[in-house]
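What follows is the residue order along each chain.
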Amino acid sequence: MRRLLAVFTVLLCVLLGAPAGVGAAAHEVTYDRYSLKVDGERLVLQSAEFHYFRLPSPELWRDVLEKFRAAGFNAVSIYFSWAYHSPKPGVYDFTGVRDVDRLLRTARQAGLYVIARPGPYINAESTGGGLPAWVKTVPGRARSSAPGYRAAYREWLHRINPIIARHQVTGGGPVILYNAENEYQVNTDAAYMQDIQDQAWADGIDVPITTNDCCDAGSWSSTWATGPGAVQIPGVDDYPQSFECATPEVWGPWGEGLTERLREDIPVFAAEYQAGAIDLGNAGYDKCRELTGPAYMKYFYKNNLVTTGATMFSYYMGYGGTNWGWLAQPNDVYTSYDYGAAITEARQLTPKYDEFKRQGYFLEAVAPLAKTDPVTSPAAPDDPALTTTARANPDTGTQFVLVKHADRAATGTDDATLDWAAPDGRHRVPVRVKGRDAHVLVAGYDLGGQRLVLSTSEIMTHALIGGRDVAVLYGTAGAPGATILRYGTRPVVKVLEGDVRAAYTGGDLRLDYTHDGLARVLVTGGGRRPLLLLLGTDEAAAGFWRAGTGAGAVLVRGTELVRSASASGDTLRLAADTAGGQVEVFASPAARRLRIGTEDVPVTRTASGSLLGATRAPGPVRLPALTSWRSRAEAPEAAPGFDDSRWTAADHTTTVSPHPPKTLPVLYADDYGYHYGNVWYRGHFTAAGSETRIDLNAVTGLRGNYLVWLNGRYLGSAAGGVEADSGDASTPPNPDPGPGHFDVPAGVLKPGADNVISVLVANMGHNDDWIADDLRFKQPRGLVAAAVGGGGVGGTPISWRIQGAPGMDPLRGPLNNGGLYGERTGWQLPTYPDKSWKIAGAELAPGVTWLRTAFRLDLPKGQDAPVGLRFGGDPSPAYRVQIFLNGWNVGQYGGDIGPQRDFVLPAGVLDEHGSNTIALAVTAEQAVAGPGPISLFTYGNVRIAR
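Reference entry: report on the structure contained in this document. (Residues numbered from 1 in each chain as written. Predicted model: local features only at pLDDT ≥ 70, side-chain atom pairs only at ≥ 80, totals over all residues. Heavy atoms only, no water.)

Below, the discussion takes up helix H8 (residues 294-308). Counted at 1.5 Å a residue, the expected span for H8 with its 15 residues is 21 Å, and the 21 Å between its end C-alpha atoms agrees. Turning to H8, its buried residues are Tyr-296, Met-297, Lys-298, Tyr-299, Phe-300, Tyr-301, Lys-302, Asn-303, Asn-304, Leu-305, Val-306 and Thr-308. Following H8 by one or two positions, Gly-309 adopts a phi angle in the positive range, close to 75 degrees. (Helix = DSSP H or I, 4+ residues; strand = E, 2+ residues; numbered from the N terminus. Expected span 1.5 Å × (residues − 1). Buried < 20%, exposed > 50% of the residue type's maximum accessible area, 1.4 Å probe, protein only.)

Below you can see the structure in the form of structure tokens.
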């Protein structure tokens, strides 16, 4: 009975368009060498990465996850950031924007499985690689079995694991896999890997445990796939494109991009496959999107599918999001974590999304892909420019032939043609392939109630709709196409649209055409149920959306997105995004009415049997100008008379950091509990009057700086340093990180009296722990040396006090605020009274100046028009700006930060129907003109109906 119930549930989920096992009763997850299985049904897992901590608007999580599902993804991969939830030992917060219970419920509601990745280490270009900064003060090497670290990570796992456990597929939830650690390639500690799994099992995890090895088979043990600490399903990360976005024409410098089979008893798992890039060279994320665009996706993803037979894919990233607050690690990224992903930081769909949809629908529709073995290619190309690889399903005989250019440097104009022989030897057809392109051709396939002999067009999707098979096939614009179908008797062929030639010989119907727009062919008779073939270009295919209803699948074209569909009586209802224009729906003949959201759309019946109507364009969006800026200079900490008696005394003489201080006392900010954002130091000394110079060293991470005052006189600034010279190998400590040498101006010293050095240090985030090396992870932040005298170490004794963020913002979390005076006194908050502030001037003095303005919005209801903040002109390296929206630190702007000028203001943080406050904390190294002009803009505008 349970087996019958499981089969019924699987069939119901197929009808509804959701993966079997999501949101239903308890299910069993198993696997063999071919694929995962849910209740015995094979599954091709198609996942994209999403970071909830990079989108601080739980209302928008649903939007992104629904867009994943609409593209054909049946899973989402989610890192859980320890640092995001734990400001200090023993303190954890899973409320508000950190409510991961809500996140997992939302994934289930969107119809997605979840690959849960709680680390403890995640990397993700996030501060500390997801390890809380307080772990830097824990004795013992991180990412190891060292007792101090072990106690810390067990505490985290015992908090996050139970949440994940109660959302597993085995209990009716969405979590189908649990990923232990992340890219743990350091060849040191199998016991650590085993303990993570032991903790997971103890906390109720019973889905398969995976891990991801990086990159191209670097490993943490010589027998890492089978030895001590080995997980059930190890996978491999592949990033063949590197991250050099400035040269998108260079393909594959980091490898072939073929995910290897690690064991004979498990599926091939592409655990992280490159779907974008961090912007190492500050080229801008549009260049990263070009680097990893549709051509790359076709070539590498299809190659991985057919050459290796992978059936488990997770693409990094599907949606990148924002490094708001102090979330970013300092080495590689700036505020935007757009990543050149298929869905932009502002949640807009791109041509990469179209390619994911073409491939994702194919993987969903063509079930034999879940079980294939390599076979001899049925066609050895005569043209040496081409290569072919083939696989076949051993049960159905369905063949999948990959045709691609042998030269990855071939240009898009380098066409080559394959003379393809069908597997049964009865047909030969030409296949034209452009340079840097690849096609997966299908032969010997039961396409619904049809028998597809072969097609030189690729299959996007097919479904039984209203008693007939409807199939969408596509190919490169201008390329010839041929589709051959087998019938018992001569069928009737009616070309409804386009130029298609039909010939029937020996039981086979051959259709020849050129891919141009969208052709429609209706085939009836021949001993089979009717078939509507929709033959289009890549672009035409991308216009289709597939959704499930209780009455079967539907296909929709002309909308910007289809989130879901339902049928009731003669009415088909769509939850969809529209921008105005025609909409066409292929549905059961019983559907005679169309409703999008709550709005009825008048329709007519077409010759194709579809419903055709038109949607209204969204209303215009009007945004206010940002005027009436007010300003106030801060930094009272620089004044000699400032009362710092309540600040923390910086008097430690020892540290757990592997980097010994250059001078005592230890001045590392983390050692005093100040982990994120700016930190102030005040050093008191009694001057002899002969002092000529102040010598400092500060470690800030890349892009950081520090500013120095003596007795209220501004002395200047210096670039912060890093402690180790190399990011990927153990190196000796840098002997002189972030040096700054500041001459003492005449008349500033007060001989025999108290003198005060004030230093404002920017902490740009904490290093990741890429190679599990504390020299890298435990690099200090803040001052690492200080001396007053003629130079060098020693000289006049200095008594130090330190102040950072005074405590955690209970709403926005530990990563939102640093230690600026304005942050400590609430200048960033919308409730702060700024009427006494002066009207902002054109020039800013060295130090910190705050600018504030308020504006009201009333965006059209029922529309999605993401709003951004734009800085005009060129960013200056002489200042950096922290951007606060309604108290949320949504980004940093400046010439030394990165190329970014536009900043997303996400709904939820942004009040779309009320008052908003923008506060800018501008830290200037010299007198400069303020940033500007500053304006609001929209990234897009659609009507959204649910």
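An ideal rise of 1.5 Å per residue puts 27 Å on 19 residues; helix H5 (residues 147-165) measures up with 26 Å between its terminal C-alpha atoms. Those residues of H5 that sit buried are Tyr-149, Ala-152, Tyr-153, Trp-156, Leu-157, Ile-160, Asn-161, Ile-163, Ile-164 and Ala-165.

A few words on the pattern of salt bridges. Opposite charge on two side chains lets them pair, provided their charged atoms get close. Summed over the entire model, instances satisfying the criterion amount to 52 salt bridges. Linking Arg-946 and Glu-66 is a salt bridge whose minimum nitrogen-to-oxygen distance equals 2.9 Å. Placement of the pair is Arg-946 in the segment after strand E57 (942-945) and Glu-66 in helix H2 (residues 58-70), with a sequence separation of 880 residues. Note that Glu-599 and Arg-943 form a salt bridge whose closest N and O atoms lie 2.8 Å from each other. Taken as a pair, Glu-599 in strand E33 (residues 599-601) and Arg-943 in strand E57 lie far apart in primary sequence, 344 residues in all. Residue classification places Glu-599 among the partly exposed positions, given a relative accessible area of 26%. Via salt bridges that share partners, Arg-62, Asp-63, Glu-66, Lys-67, Arg-347, Arg-563, Asp-577, Asp-864 and Arg-946 belong to a single interconnected network. (Salt bridge = Lys/Arg side-chain N within 4 Å of Asp/Glu carboxyl O.)

Of note, the bond from Tyr-316 into Met-317 is cis; its omega dihedral lies within 30 degrees of zero at 0 degrees. Here Met-317 shows up in strand E11 (residues 312-319). The step from Gly-932 to Pro-933 runs through a cis peptide bond, and the omega angle for that step is -5 degrees. With a phi angle near 55 degrees, Glu-181 is a residue other than glycine that sits in the positive phi range. Relative to the helices and strands, Glu-181 resides in the loop between strand E7 (175-179) and helix H6 (190-202). Residues other than glycine seldom take positive phi values, yet Ala-772 does so here, at roughly 50 degrees. Within the secondary structure layout, Ala-772 lies in the loop between strand E43 (754-761) and helix H11 (774-777).

Orientation of helix H4 (residues 100-109) relative to H5, taken along the N-to-C sense of each, is 25 degrees, at an axis distance of 10 Å. Judged by the angle between their axes, H4 and H5 are roughly parallel. Between H4 and H5 lies a crossing whose hand is right-handed. Across from Val-100, Asp-101 and Leu-104 in H4, the residues of H5 making contact are Ile-160, Ile-163 and Ile-164. When its residues are assigned to classes, the contact of H4 with H5 shows five nonpolar, no polar and one charged. (Axes fitted to C-alpha atoms, helices over the stretch in contact; angles between N-to-C directions. Parallel < 35°, antiparallel > 145°, perpendicular 65-115°, else oblique. Left-handed = near helix turned anticlockwise from the far one by under 90°. Contact = heavy atoms within 4.5 Å. Nonpolar A, V, L, I, M, F, W, Y, C, P; charged D, E, K, R; others polar.)

This brings us to the pairing of strand E51 (residues 879-885). Burial analysis of E51 places seven of its seven residues in the buried class, the great majority of the element. Burial along E51 is two-sided: Tyr-879, Val-881, Ile-883 and Leu-885 and Arg-880, Gln-882 and Phe-884, pointing in opposite directions, are all buried. Direction of pairing for E51 relative to strand E52 (residues 888-893): antiparallel, over a ladder of five bridges. In the sheet register, Phe-884 faces E52, and the bridge partner there is Asn-889. (Pairing = 2+ DSSP bridges.)

Glancing now at the packing of aromatic side chains. Geometrically, a pair of aromatic rings is defined through the distance of the ring centres and the angle of the planes. Inspection of the entire model under this criterion finds 54 aromatic pairs. On the numbers, 5.5 Å between centres and 45 degrees between planes, the contact of Tyr-285 with Tyr-334 is tilted. Of this pair, Tyr-285 sits in helix H7 (residues 285-291) while Tyr-334 sits in the loop between E11 and helix H9 (351-365), and the two are 49 residues apart along the sequence. Since its relative accessible area comes to 5%, Tyr-334 is described here as buried. Between Phe-871 and Tyr-893, the ring centres sit 4.1 Å apart and the planes meet at 15 degrees, which makes this aromatic pair stacked. Remark: Tyr-893 occurs in strand E52 and Phe-871 occurs in strand E50 (residues 867-871); sequence separation between them is 22 residues. Taken together, the aromatic side chains of Phe-68, Phe-73, Trp-251, Tyr-273, Tyr-296, Tyr-299, Phe-300, Tyr-301, Phe-313, Tyr-315 and Phe-356 make up a single cluster linked through ring pairs. A cation over an aromatic ring shows up here: Arg-33 above the ring of Tyr-34, its NZ or CZ 5.4 Å from the ring centre. Arg-117 extends its terminal NZ or CZ atom over the ring of Tyr-79, reaching a point 3.9 Å from the ring centre. (Phe/Tyr/Trp six-rings, centres within 6.5 Å; stacked < 30°, edge-to-face > 60°. Lys NZ or Arg CZ within 6 Å of the ring centre and 35° of its normal.)

The subject of this paragraph is the sheet that holds E43. Overall, antiparallel pairing links the six strands, which are arranged E37-E45-E38-E43-E40-E41 in an open sheet. Edge positions in the sheet fall to strand E37 (648-650) and strand E41 (713-719), since each of these pairs with one other strand and no more. Averaged over all adjacent pairs, the angle separating strand axes in this sheet is 25 degrees, with direction ignored. When strand E40 (residues 705-710) meets E43, the two strands line up antiparallel, connected through five bridges. By the bridge assignment, Val-708 is partnered in E43 with Val-759.

A few words now on the side chain of His-515. Among the secondary structure elements, His-515 is positioned in the loop between strand E24 (508-514) and strand E25 (518-525). Since its relative accessible area comes to 3%, His-515 is described here as buried. A polar contact is formed between the side chain of His-515 and the side chain of Ser-457, at a distance of 2.7 Å. Setting aside its immediate chain neighbours within four residues, His-515 contacts Ser-457, Tyr-474, Gly-475, Thr-476, Ala-477, Gly-478, Ala-479, Pro-480, Gly-481, Gly-536 and Thr-537. (Polar contact = N/O pair within 3.5 Å; in protein donor to acceptor, adjacent residues only side chain to side chain.)

Another aspect to go through is the packing of H8 against H9. One can describe the packing of H8 onto H9 by two numbers: an axis separation of 9 Å at closest approach and a directional angle of 25 degrees. Relative to H9, the element H8 lies roughly parallel. Once H8 is placed against H9, the crossing between them reads as right-handed. Judged by residue contacts, Pro-294, Met-297, Lys-298, Tyr-301, Lys-302 and Leu-305 of H8 engage Pro-351, Lys-352, Glu-355, Phe-356, Gln-359, Phe-362 and Leu-363 from H9. Of the residues belonging to the contact of H8 with H9, the class tally is eight nonpolar, one polar and four charged.

This next bit is on the state of the cysteines. Cysteine pairs can be linked by a disulfide, which is a covalent bond between their two sulfur atoms. Counting across every chain of the model gives one disulfide. The partner cysteine of Cys-245 in its disulfide is Cys-288, sulfur to sulfur 2.1 Å. Between Cys-245 and Cys-288, the S-S dihedral sits near 100 degrees, and the bridge is therefore right-handed. Here Cys-288 lies in helix H7 and Cys-245 lies in the loop between strand E9 (233-238) and strand E10 (269-274), a separation of 43 residues in the sequence. (Disulfide = S-S within 2.5 Å.)

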